[in-house]
Amino acid sequence: MLRDIKTLGELTLVIDVDGSIFEMVGHFPKGGEKFGYFNLSDRRTPLKGHLKVDNVTVFALVRRPFHGVET
């Protein structure tokens, strides 16, 4: 599933870690799985890192209008 997100085009990524919210607008980076992590590796996007897939409790793709604008 994570490999397919990059095909959606520009999106807003929202990360919630213990009540701290981080947002990034752009294309989700390509990546691959290795050693239990999904490694985000794409020079064309500012988002970099390693996602420990087993520790992710919620992963949602949401599309809805907000103040009259598609989000």
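One structure accompanies this document, and this report is about it. (Residues numbered from 1 in each chain as written. Predicted model: local features only at pLDDT ≥ 70, side-chain atom pairs only at ≥ 80, totals over all residues. Heavy atoms only, no water.)

### Overview of the side chain of T45
Among the secondary structure elements, T45 is positioned in the loop between β4 (37-40) and β5 (49-52). At 3.1 Å, the side chain of T45 forms a polar contact with the backbone oxygen of H27. The contact partners of T45, leaving out residues within four places of it in the chain, are M24, H27 and P29. (Helix = DSSP H or I, 4+ residues; strand = E, 2+ residues; numbered from the N terminus. Polar contact = N/O pair within 3.5 Å; in protein donor to acceptor, adjacent residues only side chain to side chain. Contact = heavy atoms within 4.5 Å.)

### Focus on the environment of K34
Its place among the elements puts K34 in strand β3 (residues 31-34). The class for K34 is exposed, based on a relative accessible area of 51%. Separated by 29 residues in the primary sequence, K34 and R63 have C-alpha atoms spaced 30 Å apart. (Buried < 20%, exposed > 50% of the residue type's maximum accessible area, 1.4 Å probe, protein only.)

### Focus on the sheet that holds β5
Judged by pairing direction, the sheet is antiparallel, and its three strands sit side by side in the order β3-β4-β5 without closing on themselves. This sheet does not close on itself; its edge strands, each paired only once, are β3 and β5. With strand direction ignored, the average angle separating the axes of adjacent strands in the sheet is 25°. As paired strands, β3 and β4 are joined by four bridges and run antiparallel to one another. (Pairing = 2+ DSSP bridges. Axes fitted to C-alpha atoms, helices over the stretch in contact; angles between N-to-C directions.)

### Digging into unusual backbone geometry
Positioned with a positive phi, D18 is a non-glycine residue whose angle comes to about 50°. Summarising the element assignment, D18 is placed in the loop between β1 (10-17) and β2 (20-27).

### Some words on a positive patch on the surface
Side chains of R3, K6, K30, R43 and K48 sit close together on the surface and give a patch of like positive charge. Within the secondary structure, K30 is located in the loop between β2 and β3. The class of K30 is partly exposed, set by a relative accessible area of 42%. (Patch = residues over 30% accessible without salt bridge, like charges linked within 9 Å, V, L, I, M, F, W, Y side chains within 5 Å. Areas by Shrake-Rupley, 256 points an atom, 1.4 Å probe, with all protein chains shown as cover. Salt bridge = Lys/Arg side-chain N within 4 Å of Asp/Glu carboxyl O. Lys, Arg positive; Asp, Glu negative; His and termini not counted. Charge placed at Lys NZ, Arg CZ, Asp CG, Glu CD.)

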